[in-house]
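# Reading the structure
Residue-level listing of the chains:
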Amino acid sequence: MSCSIHEVPTVVLDALVPNARRLVVNRRGSTVWEVFGPRGHYAVKVGYPIEATADWPAQPWTALAPAREGAVLHRLGFDEIAYGEWEHGTWNFQPWHEGPDLYRLWEPCREPDTVIAPHTSVALGCVEALAELHGRGWAHGDVQPAHFIIGLDRTHLIDLALAKGGHVPQGYDFPFRGCLVHYEAPEIARSVLATGEAEPTQAADVYALGASLLISATGWRAVEYPDDAPRPVQREAVATGRRRHVKVPGELGDLIDAMLSHAPEDRPTIYEVGKALS
């Protein structure tokens, strides 16, 4: 029996035997499910290719992203994960991390006339999570506020499908074509505009974390461009360094400004950011 692209593949259901499942994300090319069952509490990611439309080019790589992330997690030594193929693409499952993401946690900081400042301990938790990945020789490639889950005991950095730093099986690998432009470093934007591809780096991750902290604390993107601008126009603004004059209140402000430096060599490393915060 054929499985719909918007369902959990049968092979995953057979492995997890869920008592309950909830669709968390349904976007072009992928779905994410929260699954409960006798094996535990899991996130299930399911990928399928995006077909070309009049307004959107085909993106076959979305079908490979869950298995690529599973391979990265396996290389990093994480257990309780599995990944594989299904009739429309690939899938993975991994332990579910409970807690709000960075943007949601700092929502009170963005309220009009608020007196609530972003807490440095939260920022430090995000820095430590990224530093752990960098310390193992990897760059994340897709740092954004939604990918930091603030748990009770630690902050988890999720969504490693675009990470770079070790061997990934050729059948699941694909070129890096940039990420969400709000958090894209200028050098990444320039490369994507020039060649259609780029190379994830740890310095670009630092920029992306700075942009993530900025927008989560203030509600403002680091770079100014119209909300409905086409992606190449957004990238051109990022590439030319069209920074907004927005500052995070408190001691975080100067540090975030340094993380958002236009030239990668002018940015602190993630370890320097952590030292400044702690």
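## Things to note about helix H7 (residues 231-239)
Taken together, the buried positions of H7 are Gln234, Arg235, Ala237, Val238 and Ala239. Among the structural elements, helix H5 (186-195) are those in contact with the buried residues of H7. Where H7 ends, the next residue or the one after it, Gly241, has phi of about 75°, a positive value.

## Concerning the environment of Asp159
Tracing the backbone through its elements, the reader meets Asp159 in the loop between strand S7 (155-157) and H5. On the accessibility criterion, Asp159 (15% relative accessible area) is buried. Linking Asp159 and Thr201, residues 42 residues apart in sequence, is a C-alpha distance of 16 Å. Setting aside chain neighbours within four positions, we find Asp159 in contact with Arg27, Lys45, Glu69, His140 and His147. A polar side-chain atom of Asp159 sits 2.9 Å from a polar atom in the side chain of His147.

## Focus: the pattern of salt bridges
The full count for this structure, using the stated rule, is 11 salt bridges. Between Lys45 and Glu69 there is a salt bridge; the shortest N-O distance is 3.2 Å. Taken as a pair, Lys45 in strand S3 (residues 40-47) and Glu69 in helix H2 (residues 65-75) lie far apart in primary sequence, 24 residues in all. No difference in accessibility class separates Lys45 from Glu69, as the two residues are buried. Its salt-bridge partner being Arg154, residue Glu132 comes within 3.2 Å of it at the nearest N-O pair. With Glu132 in helix H4 (residues 120-135) and Arg154 in the loop between strand S6 (148-150) and S7, this residue pair connects regions lying 22 residues apart in the sequence. A network of salt bridges, in which partner residues are shared, links Arg243, Lys247, Asp254 and Asp257.

## Thoughts on the side chain of Ser261
For Ser261, the location among the structural elements is in the loop between helix H8 (252-259) and helix H9 (270-277). Ignoring sequence-local partners within four residues, the contact set of Ser261 consists of Tyr207, Asp266 and Arg267.

## Overview of the sheet that holds S3
Taking strand neighbours across the sheet as the criterion, the five strands line up as S1-S2-S3-S5-S4 in an open arrangement whose pairing is antiparallel. Each having just a single partner strand, strand S1 (20-27) and strand S4 (82-86) make up the two edges of the open sheet. Put simply, the sheet's adjacent strands are angled 20° from each other on average, direction ignored. Looking at chain direction, S3 and strand S5 (residues 89-95) are connected through five bridges and run antiparallel. Residue Val44 lies in a different strand from S5, and its bridge partner there is Phe93. Across the sheet, H2 lies against S3, S4 and S5, angled at about 40° from S5, the strand it touches most.

## A word on unusual backbone geometry
Phi angles above zero are rare outside glycine, and Asp113 is one such case at about 60°. By the secondary structure assignment, Asp113 is in the loop between helix H3 (102-105) and H4. Asp113 gets classed as exposed once you look at its relative accessible area, which sits at 78%. Its identity as a non-glycine residue notwithstanding, Asp159 has a phi of 60°, on the positive side.

## Regarding H5
Of the residues making up H5, those classed as buried are Pro186, Glu187, Ile188, Ala189 and Val192. One or two residues past the end of H5 sits Gly196, with phi positive at roughly 85°.

## Considering the pairing of S3
Of all eight residues in S3, six are buried; the element is thus mostly enclosed. Across eight bridges, strand S2 (residues 30-37) lies against S3 in antiparallel orientation. By the bridge assignment, Thr31 is partnered in S3 with Val46. In this structure, the hairpin formed by S2 and S3 is closed by a connection of two residues.

## So, the packing of aromatic side chains
Each aromatic ring pair is described using two quantities: the centre-to-centre distance and the angle formed by the ring planes. By the definition in use, this model includes four aromatic pairs. When the ring of Tyr83 is compared with that of Tyr172, the centres are 6.1 Å apart and the planes differ by 80°; the resulting orientation is edge-to-face. Pair noted here: Tyr83 is in strand S4 and Tyr172 is in the loop between S7 and H5, with a separation of 89 residues, a long-range link. For Tyr172, a relative accessible area of 15% corresponds to the buried category. Residues Trp91 and Phe93 carry aromatic rings whose centres are separated by 5.9 Å and whose planes lie at 10° to one another, so their mutual orientation is stacked. Judged by relative accessible area, which is 3%, Phe93 ranks as buried. Three or more aromatic residues joined by ring pairs form one cluster here, namely Tyr42, Trp91 and Phe93. One cation-aromatic arrangement involves Arg221 over Tyr225; the distance from NZ or CZ to the ring centre is 4.3 Å.

Basis of the calculations
- Residues numbered from 1 in each chain as written.
- Predicted model: local features only at pLDDT ≥ 70, side-chain atom pairs only at ≥ 80, totals over all residues.
- Heavy atoms only, no water.
- Buried < 20%, exposed > 50% of the residue type's maximum accessible area, 1.4 Å probe, protein only.
- Helix = DSSP H or I, 4+ residues; strand = E, 2+ residues; numbered from the N terminus.
- Contact = heavy atoms within 4.5 Å.
- Polar contact = N/O pair within 3.5 Å; in protein donor to acceptor, adjacent residues only side chain to side chain.
- Salt bridge = Lys/Arg side-chain N within 4 Å of Asp/Glu carboxyl O.
- Pairing = 2+ DSSP bridges.
- Axes fitted to C-alpha atoms, helices over the stretch in contact; angles between N-to-C directions.
- Phe/Tyr/Trp six-rings, centres within 6.5 Å; stacked < 30°, edge-to-face > 60°.
- Lys NZ or Arg CZ within 6 Å of the ring centre and 35° of its normal.

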